[in-house]
Amino acid sequence: MTDTPSALIECRNVTKRFGSTVAVDDVSLGLVKGRATALVGENGAGKTTLMSVLAGELQPDEGTILVEGEERRFRSAMDARRAGIAIVHQELSLFPDLTVAENVALGREPTRGLSVINNSKLHTSVQETLEFIRISLNLDQLVGELSPALQQLVEIAKALHSRPRVLILDEPTSSLGTQEVEVLQDCVRRLEDQEASVVFVSHRLDEVFDFADNVCVMRDGRLVAQGPLAEYTSDALVTEMVGREITQVYPERDHPPEDRPPFLELSNVTAGFVRDLSLSVSPGSIIGIGGLEGQGQSLVAEIVAGIRQPEQGSVRVAGEEVKLRSPQDALRHGIAYVPPDRRTSGLMLPLSITKNAAVSALRRIHKLGLIRPNPERLEVSSVADQLHLRYKRLSQEVSELSGGNQQKVLFGRWLLVPSLKLLVLNDPTRGVDIGARAEIYALLRKLTEDDVCILLISTDLMELLGLADLIYVMYEGRITGSVLREQATEEEVMRLAANPDGQGS
Amino acid sequence: MSGSTLHNLRATVPIWAFTALLILVAALLSPPFRTLTNVTALLSLAAPLIIVATGQAVAILMAGIDLSVGSVMSLATALAASYATFGGGALVNTILILVVGAAIGTLNGLGVIAGVHPLIMTLSTYIAVRGLALFVLPSPGGEVSGGLLQFVTLQVGVVPVFFIVAVAMAVVVWYATAESTWGRKLYAVGSNASNAEKSGINRKAVILVGFIVSGLLASVAGLALVSRLYSGDPLAGDPYTLNSITAVVLGGVALTGGRGSIIGVLSGALLLSSIGDVLNMFGVSSAYQFIATGLTLIVALYVYNVGVFRRDRSAISALLNKGGVG
């Protein structure tokens, strides 16, 4: 009946529009039993929309979905769940005030009749699911107290708890460390053994090759390539994704940084988990802070940005000792911070591009406190051009933009800030596609040529190696060493990141 | 008992301690306060508030609010006081009152599901139902069915039967919110409706049931009011709209939804009822009673927020110790 008889689930000629935007354009795709399929593409290519259609969260405008050859119409996520399709989104859908067990079993609690929850049965069943994934967690711990990586695993456990036949993972590894990624990989393999079908949506191409058997590439809402992964090289996939060849992701430095007095100096700073930390950042340089996730890098960013105050040690800006009591204080010294979670701590999603971008420069643009729409529009649109922002109107809500473009709006905000001296970035390209990444990197390089200094915190090793003049590596709240650009290799940075005895090298 | 239930219960300890302390101190210092007559009066004062606040807490836990409860209570007393007009005995009259309460709750629920903000939806029904109450019983008075009156004024020793009913209802609703699948869904919708839907929860059903519970409990609270008034009053329920919200907040339920426990609300309602009574016993004028209540609310909110702040901080350090924040 179908050309792929073993397809567990299939979509035919699916189209999904949002207003005038065609997010998914006439896509036909079949998922095979016992196989993992990678779905790759730039941000905004329509991957998440297509997956949401498969998972019943969105209804297609055209086209049909077939489960085991039978046409099905999902009216809600619940319908799709019943048909054995579970999805794990990049944005967590967990409840911080509920425990691990309660979150995993949410919506499918075992009862003792009269819908009274049977807690011991609930615990046993959740324990089984966690054992399948091979992670051990305290079932009674509130999810809000877990690290992002563990929360991500709880989210995956929640999806697996319904024993789905199709598991869709939408960028599941963005907050996972190497160890957790291995746990997940192992789990995907066991699902394949059980004849389940796994879809893996990702930007990280190296992972795609580790996880998947088949690959589908989307670009501008269309499925542009599909087939066994073995037939593709990493470069070929990138070319399919962007529709053009990207030769140089990391921009070259025109001239080496001059030896100049540092703009920012931290000396023997202790704050919470961070102990005795010293570093300095000179104008025109990019200083990287690397390490595994959660070694205190974010705290350093927060100290520099004025969100947290050091308990001991000193902070010097342009040679003078200062106390940065608040982000406004830091901004007054020309220090801007781009937090890691743009959705929750950076952008105001229901507001327009203009309002989001101009919010930190209101006093400069609007003299006398009255809004002057024209100068504002001019400034924002010039920044938008500079960033290659893809948008329809400047009055468009930021929530309508793709992840990479949202990140660019956040950057744009700081470009409008008068006298920007130091830009602190915390995982700036998480969830940002390769095309937008290259643009962001080029912009960072350009900023350094204007004497802005950049403190780049990243868990992406390649990013640090590609951009930073000097990489500090942190482990358990301390700097275990630093590596100059010329000498930096993956092995050297990893050695410092994973080995606490590397101190002093 | 599940983990989050215990967690929510632990958070009600300060409010219970404070309520107990207030009553203990008043009982020690004021001979009139510890008379049995006053105990009966205090408990019968608390009964309607406990019931209506329990319903209000359900609405607030799902990140809604129910402003209509005051009018629903008034309408219940008006219906009870005009049973002769509608015919039927005490039982038929009681059923009518409960059905009307549930129906108004249904209307609220449907409106909110259709996209009207709960504040606006229940404000509209609050106003309209007040009109309905005035229509049924234009001025205070009327005659309550003998059978109903006999029941609502029953006492077990010094304890009015409606106080027992009130506590029983609060406990049952607490158990349902804390330990049933419906309750789990209620908290989930209250803390994040879109995530709840993504988890396969039928948001609309949860909201509808929540408002029905709130409306139903408001009409029961109206009956509790009848036990004190012995008649009907088309405006008697009015203060309960804001008082029920006050009791819920005093009880530690977050107005943003998804956090708190009905057990705390029980204490909040007791505290709110006792403040007035205690100050009365010491001869403090009613003007100061309102001021005292307002200040208590502010202090309670401060205590809860400091508590929340502490928890967040400990959560942050827990993250750091595990190497969480990236």
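Residues numbered from 1 in each chain as written. Chains lettered and ligands numbered in written order. Predicted model: local features only at pLDDT ≥ 70, side-chain atom pairs only at ≥ 80, totals over all residues.

### Some remarks on the interface of chain A and chain B
Right, so step 1: At the interface, 35 residues of chain A touch 31 residues of chain B.
Right, so step 2: If you list the elements that add at least two residues to the side of chain A that touches chain B, you get helix H2 (77-82), helix H3 (100-104) and helix H9 (297-304) of chain A.
Right, so step 3: Element by element, the count of residues in the side of chain A that touches chain B is highest for H2(A), at three residues.
Right, so step 4: A per-class count over the side of chain A that touches chain B returns twelve nonpolar, 14 polar and nine charged. (Contact = placed C-beta atoms within 7 Å. Helix = DSSP H or I, 4+ residues; strand = E, 2+ residues; numbered from the N terminus. Nonpolar A, V, L, I, M, F, W, Y, C, P; charged D, E, K, R; others polar.)

### What about the domain arrangement of chain B?
Residues and elements named next belong to chain B.
Right, so step 1: Here chain B is partitioned into domain 1 (3-283) and domain 2 (287-326).
Right, so step 2: Here the C-alpha centroids of domain 1 and domain 2 sit 26 Å apart.
Right, so step 3: Where the side of domain 1 that touches domain 2 is concerned, the elements lending two or more residues are helix H2 (13-29), helix H13 (239-250) and helix H14 (262-281).
Right, so step 4: Per-element accounting of the side of domain 1 that touches domain 2 gives the leading share, four residues, to H14.
Right, so step 5: Across the side of domain 1 that touches domain 2, the residue classes break down as eight nonpolar, three polar and no charged. (Domains from an automatic or database assignment.)

### So, the sheet that holds strand S14 (residues 312-317) of chain A
Residue and element names in this part refer to chain A.
Right, so step 1: Taken together, four strands build an open sheet; the order of strands is S12-S11-S14-S15 and the sheet is antiparallel. Each edge of the sheet is formed by a strand with only one pairing partner; in this case those strands are strand S12 (274-281) and strand S15 (320-322). Put simply, the sheet's adjacent strands are angled 25 degrees from each other on average, direction ignored.
Right, so step 2: Sheet contacts for H9: strand S11 (264-271) and S12; angle to S11, the most-contacted strand, approximately 120 degrees. (Pairing = 2+ DSSP bridges. Axes fitted to C-alpha atoms, helices over the stretch in contact; angles between N-to-C directions.)

### Here's the deal with the environment of Ala292(B)
All names here are of chain B.
Right, so step 1: Within the fold, Ala292 resides in helix H15 (residues 286-322).
Right, so step 2: Judged by local crowding, Ala292 falls into the partly exposed class, with 15 C-beta atoms found within 10 Å.
Right, so step 3: With 17 residues separating them in the primary sequence, Ala292 and Ile275 have C-alpha atoms 7.9 Å apart.
Right, so step 4: Excluding its chain neighbours within four sequence positions, the residues that come into contact with Ala292 are Ile275 and Leu279. (Buried ≥ 20, exposed ≤ 12 C-beta atoms within 10 Å, placed from the backbone.)

### So, the sheet that holds strand S16 (residues 335-338) of chain A
Residues and elements named next belong to chain A.
Right, so step 1: A sheet is described by the order of its strands in space; here six strands give the open sequence S16-S17-S18-S13-S19-S20, paired in mixed fashion. A strand with exactly one partner marks an edge of an open sheet, and here the two such strands are S16 and strand S20 (478-484). Along the sheet, successive strands turn relative to each other by an average axial angle of 20 degrees, direction set aside.

### Description of unusual backbone geometry
Residues and elements named next belong to chain A.
Right, so step 1: The phi dihedral of Glu68 is positive, around 45 degrees, even though this residue is not glycine.
Right, so step 2: Here Glu68 is to be found in the loop between strand S4 (62-67) and strand S5 (70-72).
Right, so step 3: Of note in this structure, Ser115 is not a glycine but carries a positive phi near 55 degrees.
Right, so step 4: One can find Ser115 in the loop between H3 and helix H4 (119-133).
Right, so step 5: C-beta crowding within 10 Å serves as the criterion here: with 15 such atoms nearby, Ser115 is assigned to the partly exposed category.

### Topic: helix H3 (residues 36-61) of chain B
Residues and elements named next belong to chain B.
Right, so step 1: Between the first and last C-alpha of H3 there are 36 Å, a value that for 26 residues agrees with the 38 Å anticipated at 1.5 Å per step.
Right, so step 2: The largest bend along H3 measures about 25 degrees and falls at Ala46, with the proline Pro48 one to four residues further on.
Right, so step 3: Of the residues flanking the end of H3, it is Ala63, one or two places downstream, whose phi is positive at about 65 degrees. (Expected span 1.5 Å × (residues − 1). Bend = angle between axes of the 7 residues up to and from the residue.)

### Quick word on the nonpolar core
Right, so step 1: Within the largest apolar cluster, 175 residues are counted, with the highest numbers of intra-cluster contacts made by Phe200(A) and Ile50(B).
Right, so step 2: Look past the residues within four positions of Phe200(A) in its chain and what remains in contact with it is Ala36(A), Thr37(A), Ala38(A), Leu39(A), Leu169(A), Val208(A), Phe211(A) and Ala212(A).
Right, so step 3: Residues Ile286(A), Val300(A), Ala336(A) and Tyr337(A) belong to the second largest nonpolar core, which totals 74 residues. (Core = buried A, V, L, I, M, F, W, Y, C linked by C-beta atoms within 7 Å.)

### Things to note about the pairing of S20(A)
All names here are of chain A.
Right, so step 1: Two elements, strand S19 (residues 470-475) and S20, share six bridges in a ladder whose sense is antiparallel. Its bridge partner being in S20, Val473 is matched across the sheet by Gly481.
Right, so step 2: Between S19 and S20, which pair antiparallel and follow one another directly, the connecting turn spans two residues, one of which, Glu476, has a positive phi of 50 degrees.

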